[in-house]
Amino acid sequence: MSQSETQDANPPIPTPGAGIDWWTMLTDPAFLASPHAELKRIRELGPVHRDGAFGVYFVLGHGEFRQMAMAPEMGRDTRLWSNGWNTPENKQRDPVSFDLFSEFQRQMVNANPPDHRRMRDVYEKALRPAQMAQLQPMIEAECRRLLDELPVDSPVDFMTAFANHLPLRVSRNLFEISPDMDPQMAQWNAALVKIGDIMMSPDQKQEALAALREYKAFLRDHLEARRGNPGEGLIALALAALDDGTMDEEETLNNLLGLVTGNENTVTVLGNGLLTLLRHPAELARLRADPDLVKSAIEEVLRYEPSINFILRVAIKDYQLGDVLIPAGALAIGLVAAINRDPARFDEPEVFDIARQPNAQFIFGGGPHVCIGASLARLEAQVGLSAMLERFPRIELAGEPVWWADRTNQRGLQSLPVRLGR
Ligand code: HEM
């Protein structure tokens, strides 16, 4: 993996499936397009595995992931990763990665207690479901604008014409950023999406570092411009936390960046959702007949075709997970597509059922770091897909969908050709 090529100091432990070549598998385009059969095979060997090459632990079981996500021994501060970007050897070997990860580091998603709670408290109440529900008219209006532009009865790429735009527009409205910034934000987001990817080339690291610096400079100016007139939204919360010393400037900017770009994950939910429905016509018909099923339909899309692959933890102390001891400093990765189809938790996990209840899918992680934007993401996906189905009584695939082949963390479509009819 890109962040670490140092020698693995931990002796191999006898986990089942120890011969798996994880890094070849996780970067294989065929796996990225459809990981389920391979993950099922590995999960049947055992819920937790240790990679012999880098000493990374992979968690495929639902119960095991739940336990790990809640465990105080397992944090998210990657500076503690004994094989990671923050070691003196890796700093010397790969200074660009070091700069990239250290300049991205100080925000809630990468923080352990007590810093994590201090930062999360600034935004948590403002992002609850009741607050997000007030955004519904704005999200619907953005959907209408995008849908008005879609051609009828000729092929169109759903990703580039709709899905790529909606979350970005919602995010810039939420953070009171001018629509003029859309193309620039799209460019920055495309560079930043590679952070955390295990296939980052040297050029992509440079691009991500440049985008990170430019985005943060823009957000600094954006905050300063609002200082005399902060309003009552998330910008006001950021300014108040900066001014009263709850967060320093670096934390304020990194957390804002995390919130503004977090929405990019919703792009893939829209694409994965539409494709999965098109591939399950009976479920699509069921949703059209009963649009109130959209909430549970989105939960099922998030379970069945999760839009991210990895959820990370770094052991703060030695941690016993079932039969496996995860030593302090080790990286552990929850593989969401495996966790979300674990038969120990889900009846008939390979069946796509838009009314599935209960549905304890784990796309938003769990424990103290559970996604703070989950309510917004859910609402946006529900509104976006409902708007598409309502506007177009006929939606057909118009070609082969293309999955991103060079994104190992985010799992989604690069293009989804469809033909829309009224
Ligand atoms: C479908 C869309 C989304 C997915 C799949 C997703 C997924 C995740 C995951 C897996 C985590 C880490 C959870 C853990 O470690 O246990 C996370 C955390 C986070 N997400 Fe999201 N997210 C989405 C949308 C959003 C949105 C819309 C925002 C911004 C409003 C956002 C902002 C954040 C932030 C700031 C964190 C860090 C929370 C913390 O560490 O306390 N995400 N997200």
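Look up a bit, the structure's there.
What counts and what doesn't
Residues numbered from 1 in each chain as written. Predicted model: local features only at pLDDT ≥ 70, side-chain atom pairs only at ≥ 80, totals over all residues. Heavy atoms only, no water. Near = heavy atom within 4 Å. Polar contact = N/O pair within 3.5 Å; in protein donor to acceptor, adjacent residues only side chain to side chain. Helix = DSSP H or I, 4+ residues; strand = E, 2+ residues; numbered from the N terminus. Core = buried A, V, L, I, M, F, W, Y, C linked by side-chain atoms within 4.5 Å. Buried < 20%, exposed > 50% of the residue type's maximum accessible area, 1.4 Å probe, protein only. Contact = heavy atoms within 4.5 Å. Donors = N, O, S within 2.8 Å, 3.2 Å for Na, K, Ca; no water. Pairing = 2+ DSSP bridges. Lys, Arg positive; Asp, Glu negative; His and termini not counted. Salt bridge = Lys/Arg side-chain N within 4 Å of Asp/Glu carboxyl O. Phe/Tyr/Trp six-rings, centres within 6.5 Å; stacked < 30°, edge-to-face > 60°. Lys NZ or Arg CZ within 6 Å of the ring centre and 35° of its normal.

Draft legend 1. Broad picture of the site of the ligand. For the ligand, the set of nearby residues contains 26 residues, the closest of which are R76, H116, R120, H369 and C371. Here an oxygen atom of the ligand sits 2.6 Å away from a polar atom, N or O, in the side chain of H369. Looking at the shell around the ligand, the elements that each hand over two or more residues are α7 (115-123), α15 (249-262), α16 (265-279), β5 (310-315) and α20 (374-391). It is α16 that provides the largest number of residues to the shell around the ligand, a total of three residues.

Draft legend 2. A look at the nonpolar core. Of all hydrophobic cores here, the largest spans 113 residues; its most connected members are Y123, F158, I326 and M388. Among the elements that make up this core, the one with the highest residue count is α20 (10 residues). When near neighbours in sequence (up to four residues on either side) are disregarded, M388 contacts L147, L150, F158, F162, L274, I395 and L420. Grouped together as the second largest cluster of nonpolar side chains are 21 residues, W23, V56, I198 and V314 included.

Draft legend 3. Seen up close, the coordination of the iron atom of the ligand. If you check the protein contacts of the iron atom of the ligand, you find one donor only, C371 (SG), at 2.3 Å. Secondary-structure assignment places C371 in the loop between α19 (336-339) and α20.

Draft legend 4. Broad picture of the pairing of β5. Summarising burial for β5: five of the six residues are buried, a large majority. Note: strand β3 (residues 74-75) against β5, two bridges, orientation antiparallel. Each residue of the ladder has a partner; that of M74, found in β5, is A315. With five bridges joining them, β5 and strand β8 (residues 331-335) adopt antiparallel strand pairing. Bridging across to β8, R313 finds its partner in A332.

Draft legend 5. Examining the side chain of E380 more closely. Note on placement: E380 falls in helix α20. Buried and unpaired, E380 has no salt bridge, with R169 as the nearest side chain of opposite charge at 10 Å. Excluding anything up to four places from it in sequence, E380 contacts I139, L166, P167, V170, N263, T266 and L270.

Draft legend 6. Structural view of the sheet that holds strand β9 (residues 394-397). One open sheet accounts for three strands, arranged β4-β12-β9; its pairing is antiparallel. Two strands lie at the open edges of the sheet, namely β4 (156-157) and β9, each paired on one side alone. Two elements, β4 and strand β12 (residues 417-421), share two bridges in a ladder whose sense is antiparallel. Residue pairing in the sheet places D157 in a bridge with P417 of β12.

Draft legend 7. Looking closely at the sheet that holds β3. The five strands are arranged β1-β2-β8-β5-β3 in an open sheet whose pairing can be described as mixed. Strand pairing shows two members of the sheet lacking a second neighbour, β1 (48-50) and β3, which therefore form its edges.

Draft legend 8. Seen up close, the packing of aromatic side chains. Within the structure shown, the criterion is met by 10 aromatic pairs. A ring pair is formed by W85 and F101, whose centres lie 6.0 Å apart and whose planes are at 25 degrees; its orientation type is stacked. With W85 in the loop between β3 and α5 (88-93) and F101 in helix α6 (residues 95-105), the pair connects residues that are 16 residues apart, well separated along the chain. Classification of F101 as buried rests on a relative accessible area of 9%. An aromatic cluster is present here, built from W22, W23, F54 and F58 joined pairwise through their rings. Taking the ring centre of F346 as reference, the NZ or CZ of R303 above it sits at 5.2 Å.

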